[in-house]
Amino acid sequence: MNEPFTSLREELRYEKTNRCVQCGYCLPACPTFLTMGKETHSPRGRINLVKMAAEGKIQDLSALEEPLDLCLGCRACETVCPTGVEYGVILESARAALARRKKYTVAKKAMRSFLFKKVFPSRKAMNLLGNAMWLYEKSGAQKLARKSGLLKNMPAHLGEFEAVLPQTVSPAERSRLPRFTPAQGEKKYTVAFFVGCVMDAMFHKINQLSIQLLAQVGCDVIVVENQTCCGALHAHAGEVEDSKQLAKRNIEAFERHDVDFIVNNAGGCGAMLIEYDHLLADEPQWAERARQFAQKTRDISQVLVLCGGVQGKAGRAERVTYQRSCHMTNVQKVTREPLQLIQSLPNVELVEMEEANMCCGSAGIYNLVQYDASMEILDHKMKHVKDTEATTVITTNPGCLLQMKLGIEREKLGDRMRAVHLVEYLAERAGIAEPQPQPVASQS
């Protein structure tokens, strides 16, 4: 992997690394530094490695692989950095440089190509995945697999994740997602709803409830045709060119509609959408269109608050806690609105956990490819979750939701604690959705 360093400087965004003064303010905010205790597994250490590679002091780029692979990409370091280092840009540039030079096996190269080019960008493929999950659940195969113990032998700990899969919707129900839903009562805004790829395949019910909530608070909601994956998974894996192509497809699809906001309900997707302007900044024919797209992008919690909030009904008294999405907090900078919505609900007590801003260890597919590191971070998080004595953990990102469900299973707290998406919780308290099964301890 020897490489003349002069050709690497631009790829590695060397000029960005020079803003880091090695002060160490990022260290207490970095989950991998706290759990692994290594300088090379901290933002400061990783930036230094990238800088040394750009200066030609490290010629074998494979030395960067493990430190970069173990980074969650939560970008909590950016929030605390006093000099404004753009860590996310450095991280993704370095990952892209590595991916360009990496010699994958034929099988792995084919799998990456299949997933990134054929599956995630395709609504048809993702719908098939969602329908397959429904068939697995309803045909009895899921019960049989769980009863037989086969899941314990699945690779990459997939059996553990299978246990926390969300409830699916039928193919017929999936096909009935309305293209247009009118506002109830006085119309306040027209919004275009971003359905996502994984979100729509695995969490379609949350998308349905999102549209209903938006309509209830006064929004005309359009589900834009020909929209595709946001490109976040591609960018995090170093496939930047693919993520640019997906960004362009989304911009073309959404700019056909004159809307006030482009609304999403997933912290990770929202962070990608809001940075399309950075992603396409070097392409003059796209830069302005990307900027306009990013300016209209909002998390659903922001729009619900703008419209006056959700009118919750007086339900059972309950204590809840909120697991913040890293990308929503550190990239979108949306922190206040979810708390406002939860605190406005009657009979709901919000108790914030210690280290509330710390990542849960999900980070896209990090918990699959870096399972041990992810579980160490999750176990640390769950100590603080348990201290709140909440019966419901509320999240705003699908990855966080599955990770918190897994944490509850690992701690054997399923009889007194559950995890839900903010949209599910608001819909439940507003009487739009049927209440999910409550933990035993909260039913008294």
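Just above sits the structure.
As the structure is a prediction and not an experimental result, all values here were calculated from the model. (Residues numbered from 1 in each chain as written. Predicted model: local features only at pLDDT ≥ 70, side-chain atom pairs only at ≥ 80, totals over all residues. Heavy atoms only, no water.)

## Remarks on the pattern of salt bridges
Scanning the entire structure with this criterion turns up 32 salt bridges. Between Arg289 and Glu255 there is a salt bridge, with the nearest N and O atoms lying 2.3 Å from each other. Taken as a pair, Arg289 in helix H19 (residues 284-296) and Glu255 in the loop between helix H16 (240-254) and strand E4 (261-264) lie far apart in primary sequence, 34 residues in all. The network of salt bridges with shared partners includes Arg316, Glu318, Arg418, Glu428 and Arg429. (Salt bridge = Lys/Arg side-chain N within 4 Å of Asp/Glu carboxyl O. Helix = DSSP H or I, 4+ residues; strand = E, 2+ residues; numbered from the N terminus.)

## Some remarks on the packing of aromatic side chains
Counting across every chain of the model gives six aromatic pairs. A ring pair is formed by Phe161 and Tyr371, whose centres lie 6.5 Å apart and whose planes are at 80°; its orientation type is edge-to-face. Taken as a pair, Phe161 in helix H11 (residues 158-162) and Tyr371 in helix H24 (residues 371-387) lie far apart in primary sequence, 210 residues in all. One exposure class covers both Phe161 and Tyr371, and it is buried. Following the ring pairs from residue to residue traces out a cluster consisting of Phe194, Phe254, Tyr276 and Phe293. The ring of Tyr14 carries Arg9 above its face, with NZ or CZ at 4.4 Å from the centroid. (Phe/Tyr/Trp six-rings, centres within 6.5 Å; stacked < 30°, edge-to-face > 60°. Buried < 20%, exposed > 50% of the residue type's maximum accessible area, 1.4 Å probe, protein only. Lys NZ or Arg CZ within 6 Å of the ring centre and 35° of its normal.)

## Some details on the sheet that holds strand E1 (residues 180-181)
Strand order in this open sheet of five strands is E1-E3-E2-E4-E5, and the pairing throughout is mixed. Only two strands of the sheet have a single partner each, and these edge strands are E1 and strand E5 (297-299). Pairing between strand E2 (residues 189-193) and E4: three bridges, direction parallel. Its bridge partner being in E4, Val191 is matched across the sheet by Phe261. (Pairing = 2+ DSSP bridges.)

## What to know about the side chain of Arg95
Inspection of the secondary structure puts Arg95 in helix H7 (residues 87-101). Despite its burial, Arg95 remains without a salt bridge, the nearest opposite charge being carried by Asp69 at 5.3 Å. Excluding its chain neighbours within four sequence positions, the residues that come into contact with Arg95 are Leu68, Asp69, Cys71, His236 and Gly238. (Lys, Arg positive; Asp, Glu negative; His and termini not counted. Contact = heavy atoms within 4.5 Å.)

## A closer look at a nonpolar patch on the surface
On the surface, a nonpolar cluster with roughly 390 Å² of combined accessible area is contributed by Met154, Leu158, Ile365, Leu368 and Val369. Counting through the fold element by element, Leu368 comes out in helix H23 (residues 366-369). Given the relative accessible area of 31%, Leu368 is considered partly exposed. (Patch = residues over 30% accessible without salt bridge, like charges linked within 9 Å, V, L, I, M, F, W, Y side chains within 5 Å. Areas by Shrake-Rupley, 256 points an atom, 1.4 Å probe, with all protein chains shown as cover.)

## Concerning the side chain of Ser243
Tracing the chain through its elements places Ser243 in helix H16. Residue classification places Ser243 among the buried positions, given a relative accessible area of 0%. Look past the residues within four positions of Ser243 in its chain and what remains in contact with it is Gly231, His234, Ala235, Met272 and Leu279.

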